[in-house]
Amino acid sequence: QVQLVESGGGLVQAGGSLRLSCAASGSIISIDVMRWYRQAPGKQRELVAVIFSGGSASHADSVKGRFTISRDNAKNTVYLQMNSLKPDDTGVYSCYMYGSSRNSPSYFNSWGQGTQVTVSS
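If you're wondering where the values come from, they're calculated on a predicted model, not measured in any experiment. Counting from 1, residues in each chain are numbered in the order their sequence is written. Given that the model is predicted, a residue must reach a pLDDT of at least 70 before its local features are reported, and side-chain atom pairs must reach 80 or more before they are shown or counted; all residues, however, enter totals for whole chains, interfaces and linings. As a convention, hydrogens and water are excluded, and side-chain values are obtained from all of the structure's heavy atoms.

Visitor: Give me the lowdown on unusual backbone geometry, citing residues and values where you can.
Guide: Backbone phi values are negative for most residues with the exception of glycine, while trans is the configuration of most peptide bonds. Residue Asn-76 is not a glycine yet carries a positive backbone phi of 50°. Take Asn-76: it is sitting in the loop between strand E7 (67-72) and strand E8 (77-82). Of note in this structure, Ser-84 is not a glycine but carries a positive phi near 50°. Starting at the N terminus, helices and strands are each numbered in turn, a helix being any DSSP run of H or I of at least four residues and a strand any DSSP run of E of at least two. You can see Ser-84 is positioned in the loop between E8 and strand E9 (91-101). When its relative accessible area of 40% is taken as the criterion, Ser-84 is described as partly exposed. Remark: exposure states derive from per-residue accessible area (1.4 Å probe, protein chains only) relative to the maximum for the residue type, with buried under 20%, exposed over 50%, and partly exposed in between.

Below, the structure is given as structure tokens:
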């Protein structure tokens, strides 16, 4: 069982910055895909950013130029650097990872518990 633990959420004023972290633990061989999602109150969950094992990444248009996803393979950790935050960025941010495990089943899909980000105007 691969578990993800998130940290870094909080309350920030518009224009401010936050850095989210999501660390995976367990019998991990490799992590192919790491994603950040967010869900605002009353809205559907939205894919914010994704990064692959080779390092290629993409970001939603709504955050492009302001947010940056990165990963540390040695630490099995994904980060989301969020700059120039806006009130519309408010929501619960969750990480997701897909990869291979030493346990059975040999592949895992895991979600973090979610962390609240609130941006005040």
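Visitor: Please give an account of the nonpolar core that cites residues and values.
Guide: Residues belong to a common nonpolar core when they are buried Ala, Val, Leu, Ile, Met, Phe, Trp, Tyr or Cys residues joined through side-chain atoms within 4.5 Å. Ranked by internal contacts, the top residues of the largest apolar core, which has 28 residues, are Trp-36, Val-78, Leu-80, Met-82, Tyr-93 and Met-97. Among the elements of the structure, strand E3 (18-25), strand E4 (28-39), strand E5 (46-52), E7, E8, E9 and strand E11 (115-120) are those that each provide at least two residues to this core. Contacts are assigned to residue pairs with any non-hydrogen atoms lying within 4.5 Å of each other. Those residues in contact with Tyr-93 that lie beyond four places of it in its chain are Glu-6, Leu-20, Trp-36, Tyr-37, Arg-38, Val-48, Phe-67, Leu-80, Met-82, Gly-114, Thr-115 and Val-117.

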